[in-house]
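Descriptive analysis of the structure
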Amino acid sequence: MLKHCISSSIAFLLLSLISLTAQTPQAVPATGLADSVTVRRDARGIPYIEAKNDADLYFAQGYVTATDRLWQMDMMRRVVRGETAELFGERTLEQDKRWRRFGFAKVVDDSFAMLSPELKAALESYARGVNAYIDGLTEETMPIEFAILQYKPEHWRPTDSLAIGKILADALSTTWRNDLLRAQVQVLPKEKLADLYNAETPYDVILFAKAKRQKRRGSAQASVPSASLLAAADRDAATRRASLETLGVYAEGLAASNNWVISGKRTVDGRPILANDPHLSASAPGIWYIAEIRSPEVHSAGVSIPGIPGIVLGHNDTIAWGATNVGPDVQDIYRLELDGKGKYLSPTGWKDLAVRKESIAVRTSLVSPATKTVEFDVTASDEGPVILDDKTGTYALRWTAFDPANNEFEAFYRLNRAKDWASFTNAVKTYGGPAQNFVYADTKGHIGWWAAGRIPIRRKGFGALPYEAKAKDGDWTGYIPFDELPHLYDPPSGLIVTANQRTVGTSYKYPQFSLDASSPWRARRIFDRLNVKRKLSKADVAAAQLDPFNIPLDLLAKEVVRRKAASAETLGVLKEWDGMMLPDSRGAILAEEIEKCLATEITRANPPATYGAIRVRIAERALRENLVRWLPRDAKTYDDVLRGCDKQARESLARVHGADPKGWVWGKVFTAVFPHPLVMAPAIGRRFITRTDPLAGSNQSPNVGSSVSMRFITSPGDWDDTRLVIPLGESGRAGDVHFKDQFDLWRTNTPPPLVFGREKVEKLPTTLILSPAGNRAPKGSLRE
């Protein structure tokens, strides 16, 4: 591995030297600039943008980002506004209908009117820059996707940027289906129900409210949903997934990221280290765009989201920040009692359902841009839009994302300018997007964490089950006060780790905060790996980000061996396996097949519990504690179940991968997958193909493979040695040298530094000079 890393780094450096010596600055006149802007690029095509004022800076950022990612930006705004069927026809019509029901076009218009003047100005400047690029496009320079789909991009609006925030809200805070699933299992015996609701495990990494358990308030009771209603919810979930995966923002079970921060007291050089690697569905191009931006008012570097001004995750001159998803319950569904005449029963009596008509342009042929119009009605109660309408029940959705006061980007605008812990907390206090674990480090050696976001407080219960619209139980009475949200500043341990796990103890008075948190496996492995060392380096941190160890599968393998509950062949493989999910590992694929079978057998024997709940909450504990109550009825012991699963696993692997067990390796099923929306298009799709190498890692390892959307490691005060890498490349243009040039650097976590100091940045070649229209181009540059 080390040999390969060194050789790939040398190759990249050679390509870098060629790239850096072959560029001549391009000068472009642009209407709307007050002064000239310099854009430099490094060997990976990462832009370093320097302007003399903020308005010009964001104009240039919009322009530069559009040069690399315009079609991706257009797709994102089309998804939120429900306009993809205009390109893809009936195939995406249901996706468009789903987004139209949410009414985000009006939400972002209302939200824009409520923004601070500074953020409004930044969004407007960014939009002007994007539009300057669009206006300069010709048929030859237009991104190929527009030509393939036979349309041209419309001008970018400031509210298009805000719309992208709603994509993140959908990806990272959609939990209402879980309310129905919890209602479904209410028929289980109390002991089993308690097991499913028990969030505590021996592997938890708790950061806040570690005191003794308190009795929780009960949630409102709910009727058991019908099979047809659950089927409708499943269809909606599948539609949502397809929509989000197109954009590379789908997060399985809301599990989306690792981050940690280490005090300088625990590092080799005495400086804090902050690390972050968000996990989102893989796509080409990815969701992140690396940039450095500089003006007299702001200087920051990190990843942005195409379509958003500023830096979303990264650092400025004095602080660094990262984020992972929290997973609180910020959605409620309300069953509506209808009179059959367009009215529903509210706490104050019968009310009219609001109705609005939506019209969607639907392409009639993929070889022609001609469209037809499809109209449909969206109905809503006071709680929100109707999202389920079945003969057995009609449900409306309330969601923090529908409140225009809850915007996603005010906080990031302020984080770019924050100078210390106080200004950091003031920034995240304004955050209204899907709740995030924001970690912090600064040049004075301080570290911290604040879980920020708008998390509702209900009149009764905490949103675990559906409510009745005719009662007041589900009323939202406010949000968890910011000062009561979990946070730490310079903890004695010198180490803060978040990986979507439950970070609060059961004594925390707001159970909704962690209601839909993820399993603790990644957090536990990261914490144990880092905590065992007295002094940590960036190399240690980089290795932790690549860690493929899978705790639950390692535990399962050891349990199978201890029980001797498998064939001699399987026992031999598992006995030698070290829990590492490596491409050539036979133990990894066998252990996962047995685990999936175990969860399936328990689920079959315990309806209506779901496979997902059993796999996450029950399977490991059932084996560890030998819980007979979950044992499948046709088995006398768990040994019987495991032996049967071993047999099934071996038969399945033989069918799929051949009769020779030597060919059953993890790399056959865990590979790089970065789909482009047009990759399956006949004749033209091949140009969008990316790498498909076998990868190390798994969904329960710190390294989750293709879903690692970027890796970021920085040490405040040593900014020129910041390491930041994305899976493919800066460019979204298939065939461009920077379309997928970062893959090997990402796979091995060996990117070159993202420099930051003026001295090093100014050594990079200038590739673009934007100047006010009518001004003379700088000497030695070329106009186009």
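In this report, we go over the structure that sits alongside the text. (Residues numbered from 1 in each chain as written. Predicted model: local features only at pLDDT ≥ 70, side-chain atom pairs only at ≥ 80, totals over all residues. Heavy atoms only, no water.)

Glancing now at the side chain of Ser125. Looking at the element boundaries, Ser125 is found in helix H6 (residues 117-135). Sequence-distant contacts of Ser125, defined by excluding residues within four places in its chain, comprise Ala55, Tyr58 and Phe59. (Helix = DSSP H or I, 4+ residues; strand = E, 2+ residues; numbered from the N terminus. Contact = heavy atoms within 4.5 Å.)

Summarising the sheet, strand S13 (residues 354-365) and strand S14 (residues 368-380) pair through eleven bridges and their orientation is antiparallel. The residue of S14 that forms the bridge with Ala354 is Ala380. (Pairing = 2+ DSSP bridges.)

Here we take up the sheet that holds strand S25 (residues 723-725). Strands sit in the order S23-S4-S5-S24-S25 across an open sheet of five strands; the sheet is antiparallel. Of all the strands in the sheet, just strand S23 (495-498) and S25 have a single pairing partner and so form its edges. Within this sheet the neighbouring strands show an average axis-to-axis angle of 5°, counted without direction. Sheet topology note: the strand S4 (residues 258-262)/S23 ladder contains four bridges and is antiparallel. Paired with Val261 across the bridge in S23 is Ile496. The strands that helix H14 (residues 521-531) touches are S4 and S23; relative to S23, the one it contacts most, it runs at about 160°. (Axes fitted to C-alpha atoms, helices over the stretch in contact; angles between N-to-C directions.)

Here we come to the pattern of salt bridges. Across all of its chains, the model carries 63 salt bridges by this definition. Between Lys372 and Glu90 there is a salt bridge; the shortest N-O distance is 2.9 Å. Of this pair, Lys372 sits in strand S14 while Glu90 is found in the loop between helix H3 (85-88) and helix H4 (93-102), placing the two residues 282 residues apart along the sequence. A relative accessible area of 38% means that Lys372 is categorised as partly exposed. When its relative accessible area of 47% is taken as the criterion, Glu90 is described as partly exposed. Of the charged contacts, one joins Asp547 and Arg529 as a salt bridge, the two residues approaching to 3.2 Å between their closest N and O atoms. Of this pair, Asp547 sits in the loop between helix H15 (538-545) and helix H16 (551-563) while Arg529 sits in helix H14, and the two are 18 residues apart along the sequence. Relative accessible area serves as the criterion here: at 1%, Asp547 is assigned to the buried category. The class for Arg529 is partly exposed, based on a relative accessible area of 29%. Salt bridges sharing partners connect three or more residues here, namely Asp74, Arg77, Arg78, Arg81, Glu86, Arg157 and Asp160. (Salt bridge = Lys/Arg side-chain N within 4 Å of Asp/Glu carboxyl O. Buried < 20%, exposed > 50% of the residue type's maximum accessible area, 1.4 Å probe, protein only.)

Geometry only, nothing functional implied.
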